[in-house]
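Inside the fold
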Amino acid sequence: MEQFLTFVKKEFYHIFRDTWTMIILLVLPIVMLILFGFMMTTEVKNTHFSVYDPSHDVATQGIVNKISLSEYFIFDGYLDSPEQIETVFRKGKIGLVVVFGERFYENMMHTGDAQVQLIADGSDPNTASTLTMYATSLIASYQQDITGDISIPYQITPEVKLLYNPTLKGSYNFVPGVMGMILMLICAMMTSVSIAREKELGTMEILLVSPMQSIQIIISKVVPYFFLSVINLTTILLLSVFVLDVPINGSLSLLILISFIFIFVSLALGLLISSAVDKQMVALLISAMVLMMPVMMLSGMMFPLENMPVALQWLSHVIPAKWFMIAVKKIMIQGLGFSSIYKEFAILSIMAVSLIAISIKRFKYRLE
């Protein structure tokens, strides 16, 4: 029995002295519970919407108030003309636009020809369908409130219009997310594991005594994964266009440029992880915990960011895949140009330069 307890104590000592093992065993479950607890919901809340209202009567004002007072929508103001609708969607801050017809209240009470149109961004078909369903239900609820027991043979039936994806194809939404996931997987995870393998087997020291400089050795380890990522990017785009019928409505050159920048960001993340650990398994677990799970949870790939607490929304700003997915959707689905993605382009570029500089500095410090 004493020998058994001795072995148990020895195993505890091995666990306690490994900081990364303790973090994975004790911190990871807490992080997963918080992330999944706040994000795993089918509801869409706090979506900004705008209104084009040429009538400006009591009925349209009542509907706007009804929608804005719900937990699902936040009123973002009135539009001056129908031409502004496309503009507000391009800015990416509006999820829904409500368009009323002329003499709305009079038509609703007398002829039943009260026209209202709900316009949503179809590049995310699940969210678009949910938003239009919420708005339709709220409009019906308003009509019920004002009519009460009065029997009116007319029912307001909103016309739904989905921009960029009128057929609600799910591939329009998941293709940008899959692109981000695959590029992150190949670049970051495999790069960190590859260099950690050299350090774990002791072959990194052998490479360092070669005539090449240490930084050249590190870059030579990274280059193959860059070309593999380029091949994967080409494959994904070909399958998206010819198999999944997802068009590239914008500039192909711009799409490739933003993808290359994201690849550099992912490679730098892999280098940063490998500079901090010496074992393959630790590098793999850190990559999965620090990169893959936040990419899935905080990039908007699976769950709307608007549903999350403010702290998690701010945290999502440091997830490179979030900005990459936004840029890809704007280029591929919406057909927008550089002027619409300059923010995402600048953020990813700054991330790439900063992470590469930090990773190279850490490697030179540790290896030299």
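The paragraphs below set out a description of the structure included in this document. (Residues numbered from 1 in each chain as written. Predicted model: local features only at pLDDT ≥ 70, side-chain atom pairs only at ≥ 80, totals over all residues. Heavy atoms only, no water.)

Quantified by volume, the largest pocket comes out at close to 1400 Å³. Around the largest pocket, the lining is made up of 37 residues, and of these Lys91, Gly92, Lys93, Glu306 and Ile326 lie nearest the centre. Those elements giving two or more residues to the lining of the largest pocket turn out to be strand E1 (47-52), helix H4 (84-91), helix H6 (125-147), helix H13 (320-333) and helix H14 (338-367). If one sorts the elements of the lining of the largest pocket by residue count, H13 sits on top with 6 residues. Tallied by class, the residues present in the lining of the largest pocket amount to 11 nonpolar, 15 polar and 11 charged. (1 Å grid on protein atoms, 1.4 Å probe; cavity = no way out; pocket = protein on both sides within 12 Å on 5 of 7 lines; lining within 4 Å. Points joined across faces, edges and corners; volume = space filled by probe spheres on them. Helix = DSSP H or I, 4+ residues; strand = E, 2+ residues; numbered from the N terminus. Nonpolar A, V, L, I, M, F, W, Y, C, P; charged D, E, K, R; others polar.)

Moving on to a nonpolar patch on the surface. A contiguous nonpolar patch, built from Phe174, Val178, Leu238, Leu239, Phe242, Val243 and Leu244 and spanning about 640 Å² of accessible area, is present on the exposed surface. Of all elements in the fold, only helix H7 (171-201) and helix H9 (214-242) reach the threshold of two or more residues within the nonpolar patch. A total of 3 residues in the nonpolar patch trace back to one element, the largest contributor, which is H9. Examined against the element boundaries, Val243 turns out to sit in the loop between H9 and helix H10 (252-276). (Patch = residues over 30% accessible without salt bridge, like charges linked within 9 Å, V, L, I, M, F, W, Y side chains within 5 Å. Areas by Shrake-Rupley, 256 points an atom, 1.4 Å probe, with all protein chains shown as cover. Salt bridge = Lys/Arg side-chain N within 4 Å of Asp/Glu carboxyl O.)

Attention now goes to the sheet that holds strand E2 (residues 73-78). Taken in spatial order, the 5 strands line up as E2-E1-E3-E4-E5 in an open sheet, and their pairing is mixed. Either end of the sheet is taken by a strand with one partner, and the two such strands are E2 and strand E5 (159-163). Averaged over all adjacent pairs, the angle separating strand axes in this sheet is 25°, with direction ignored. Bridge count between strand E4 (residues 116-121) and E5: 5 bridges; the pairing is parallel. The residue of E5 that forms the bridge with Ala120 is Leu162. Across the face of the sheet, H4 comes into contact with strand E3 (96-100), E4 and E5 while running at roughly 170° to E3. (Pairing = 2+ DSSP bridges. Axes fitted to C-alpha atoms, helices over the stretch in contact; angles between N-to-C directions. Contact = heavy atoms within 4.5 Å.)

As a further point, take unusual backbone geometry. What is expected of a backbone is that most residues other than glycine have negative phi and most peptide bonds are trans. Phi at His56 is positive, roughly 55°, even though this residue is not glycine. Within the secondary structure, His56 is located in the loop between E1 and helix H3 (58-68). The residue Arg103 is not glycine, and still its phi comes out positive at about 50°. Mapped onto the secondary structure, Arg103 falls in the loop between E3 and helix H5 (104-111).

For the coordinates displayed, the defined rule picks out 10 aromatic pairs. Between Phe49 and Phe75, the ring centres sit 5.3 Å apart and the planes meet at 45°, which makes this aromatic pair tilted. With Phe49 in strand E1 and Phe75 in strand E2, the pair connects residues that are 26 residues apart, well separated along the chain. For Phe49, a relative accessible area of 0% puts it in the buried group. A centroid spacing of 5.4 Å and a plane angle of 5° characterise the contact between Phe226 and Phe264, whose relative ring orientation is stacked. (Phe/Tyr/Trp six-rings, centres within 6.5 Å; stacked < 30°, edge-to-face > 60°. Buried < 20%, exposed > 50% of the residue type's maximum accessible area, 1.4 Å probe, protein only.)

Next up on the list: the environment of Leu271. Checked against the element boundaries, Leu271 lands in helix H10. Residue classification places Leu271 among the buried positions, given a relative accessible area of 8%. Residues Leu271 and Arg362, spaced 91 residues apart in sequence, show a C-alpha to C-alpha distance of 9.3 Å.

Right, let's get into the pattern of salt bridges. Inspection of every chain in the model, using the stated rule, returns 2 salt bridges. Between Arg90 and Glu86 there is a salt bridge, with the nearest N and O atoms lying 3.9 Å from each other. Taken together, the residues span about one helical turn, with Arg90 and Glu86 both in helix H4 at a distance of 4 residues. In this structure Arg90 comes out as partly exposed when scored by relative accessible area, which is 40%. Overall, Glu86 belongs to the partly exposed group, its relative accessible area being 30%. In this structure, Lys330 engages Glu344 in a salt bridge whose closest nitrogen and oxygen atoms are separated by 3.4 Å. Here the residue Lys330 occupies a position in helix H13, and Glu344 occupies one in helix H14, the gap between them amounting to 14 residues. In terms of burial, Lys330 and Glu344 fall into one category: buried.

As a further point, take the side chain of Thr132. For Thr132, the location among the structural elements is in helix H6. Here Ala128 takes part through its backbone oxygen, which lies 3.1 Å from a polar atom of the side chain of Thr132. Beyond its immediate stretch of four places on either side in the chain, Thr132 contacts Leu96, Leu118, Ala120, Val160 and Leu162. (Polar contact = N/O pair within 3.5 Å; in protein donor to acceptor, adjacent residues only side chain to side chain.)

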